Amino acid sequence: MFFPSGTHKDHGLAFNPLKAIVSPRPIGWISSIGANGIHNLAPYSFFNAVSETPPMVAFSGSPGTQGDKDTVKNIEETGDFVVNIVSSSLMNAMNITSASLPRDISEFDQAQLTPKPSRLVSSPHVAESPCYLECKLWKIIDLPQASDESKSRLVIGEVVGIGIDDAIITPEGKIDVAKYQPAARLGYKDYAIINKVFELDRPDT
Ligand SMILES: Cc1cc2nc3c(=O)[nH]c(=O)nc-3n(C[C@H](O)[C@H](O)[C@H](O)COP(=O)(O)O)c2cc1C
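Residues numbered from 1 in each chain as written. Predicted model: local features only at pLDDT ≥ 70, side-chain atom pairs only at ≥ 80, totals over all residues. Heavy atoms only, no water.

Ranked by size, the top nonpolar core spans 14 residues in total, and within it I30, V57, F59, F81, V83 and C135 carry the most contacts. When residues of this core are traced back to their parent elements, those giving at least two are β3 (39-44), β5 (56-61), α2 (70-78), β6 (80-84), β9 (131-145) and β10 (151-164). Membership of the second largest hydrophobic core comes to 13 residues, among which are W29, V86, L90 and V126. (Core = buried A, V, L, I, M, F, W, Y, C linked by side-chain atoms within 4.5 Å. Buried < 20%, exposed > 50% of the residue type's maximum accessible area, 1.4 Å probe, protein only. Helix = DSSP H or I, 4+ residues; strand = E, 2+ residues; numbered from the N terminus.)

This is the structure in structure tokens:
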């Protein structure tokens, strides 16, 4: 099967398969704070690390009924955000924070999570998360207008600080991913949990 983008329904596919094809995607659970002082938290799976040196991450927010997502609005106001990692035990809390709430209600409260002050940025991080990245905004790029006339915004940040729960660090000085089992997003309503890890040597090492 092959089809030009946007014509999947003419080819027997009920849903756009893009997100199922580009999977698994990590979930950037983005915490931020607005000029109003309210803490915000929401999952973004159009998210990834895009460079190691300098350490950079990016995610994109598609506009909702109220225009830009609160996360994007907050980051424009303060110039920073935190990426928190979703462990398997935080899946339900993560899902709760994806609800579209009025801007003056904090998803931390709704999901009964603890906003903890960060060291290098104004945005708080999720105390319950096994690791997090404190980020300073580098650039927001407006993506092209979509067929429904909406415009997504690509937020690119530099990682300026990294927080890790000491309990997930191995004696060899590595992070034990299988210990906290990060969640990943597939297509549709599907998720995966990383609970098995194996090594592969590269041919030139
Ligand atoms: C696992 C998951 C991943 C999501 N990824 C994105 C995404 O990449 N971009 C986006 O605009 N919305 C995404 N959403 C929806 C937002 O989380 C949702 O619109 C949320 O209410 C935004 O909150 P905010 O307005 O406080 O930023 C995702 C939802 C879930 C459950």
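Once you've had a look at it, read on.
Among the five residues of β6, five are classified as buried, and the element is accordingly described as predominantly covered. The alternating pattern of β6 places D80, V82 and N84 and F81 and V83 on opposite faces, both of which are buried. Sheet analysis places strand β2 (residues 28-33) next to β6, joined by three bridges and oriented antiparallel. Within the sheet, the bridge partner assigned to I30 lies in β6 and is V83. Here β6 pairs with β9 via five bridges, running antiparallel. When the bridges of β9 are listed, V83 appears paired with L133. (Pairing = 2+ DSSP bridges.)

Evaluated as defined, the whole model comprises three aromatic pairs. The interplanar angle of 65° and the centroid separation of 5.9 Å between the aromatic rings of F15 and Y188 together place this pair among those described as edge-to-face. One end of the pair, F15, is in the segment before α1 (18-21); the other, Y188, is in the loop between β11 (183-185) and β12 (191-193), and 173 residues separate them in sequence. On the basis of relative accessible area, F15 is assigned to the exposed category, the value being 55%. (Phe/Tyr/Trp six-rings, centres within 6.5 Å; stacked < 30°, edge-to-face > 60°.)

In this section: empty space enclosed by the protein. Enumeration over the complete set of coordinates arrives at one cavity of 30 Å³ or more. In this model, the largest cavity occupies a volume close to 30 Å³. Looking at the lining of the largest cavity residue by residue, the class counts come to one nonpolar, five polar and two charged. (1 Å grid on protein atoms, 1.4 Å probe; cavity = no way out; pocket = protein on both sides within 12 Å on 5 of 7 lines; lining within 4 Å. Points joined across faces, edges and corners; volume = space filled by probe spheres on them. Nonpolar A, V, L, I, M, F, W, Y, C, P; charged D, E, K, R; others polar.)

Moving on, we get to the layout of surface pockets. As a volume, the second largest pocket reaches approximately 410 Å³. In terms of lining, the second largest pocket is formed by 19 residues, of which the most central are P26, F47, A49, I85 and L133. Among the elements of the structure, β4 (47-51), β9, β10 and β11 are those that each provide at least two residues to the lining of the second largest pocket. Here the residues of the lining of the second largest pocket are counted per class, giving 18 nonpolar, one polar and no charged.

By nearness alone, 18 residues border the ligand, and P43, Y44, S62, K69 and T71 come closest of all. Within the backbone of S62, a nitrogen or oxygen atom sits 2.8 Å from an oxygen atom of the ligand. In this structure, S98 approaches the ligand through a main-chain N or O atom, which is 3.0 Å from an oxygen atom. Contact with the protein chains hides 87% of the accessible area of the ligand, taken as 650 Å² for the molecule alone. Secondary structure elements with two or more residues in the shell around the ligand: β3, β5 and α2. Top contributing element to the shell around the ligand by residue count: β3, with four residues. The class makeup of the residues in the shell around the ligand is six nonpolar, eight polar and four charged. (Near = heavy atom within 4 Å. Polar contact = N/O pair within 3.5 Å; in protein donor to acceptor, adjacent residues only side chain to side chain. Areas by Shrake-Rupley, 256 points an atom, 1.4 Å probe, with all protein chains shown as cover.)

The next point concerns a nonpolar patch on the surface. Nonpolar side chains collect at one region of the surface, where L18, I21, V22 and F46 lie side by side and expose about 400 Å² of accessible area between them. By the element assignment, I21 lies in helix α1. I21 sits in the exposed class, given a relative accessible area of 64%. (Patch = residues over 30% accessible without salt bridge, like charges linked within 9 Å, V, L, I, M, F, W, Y side chains within 5 Å. Salt bridge = Lys/Arg side-chain N within 4 Å of Asp/Glu carboxyl O.)

By themselves, these observations are geometric and do not establish any function.
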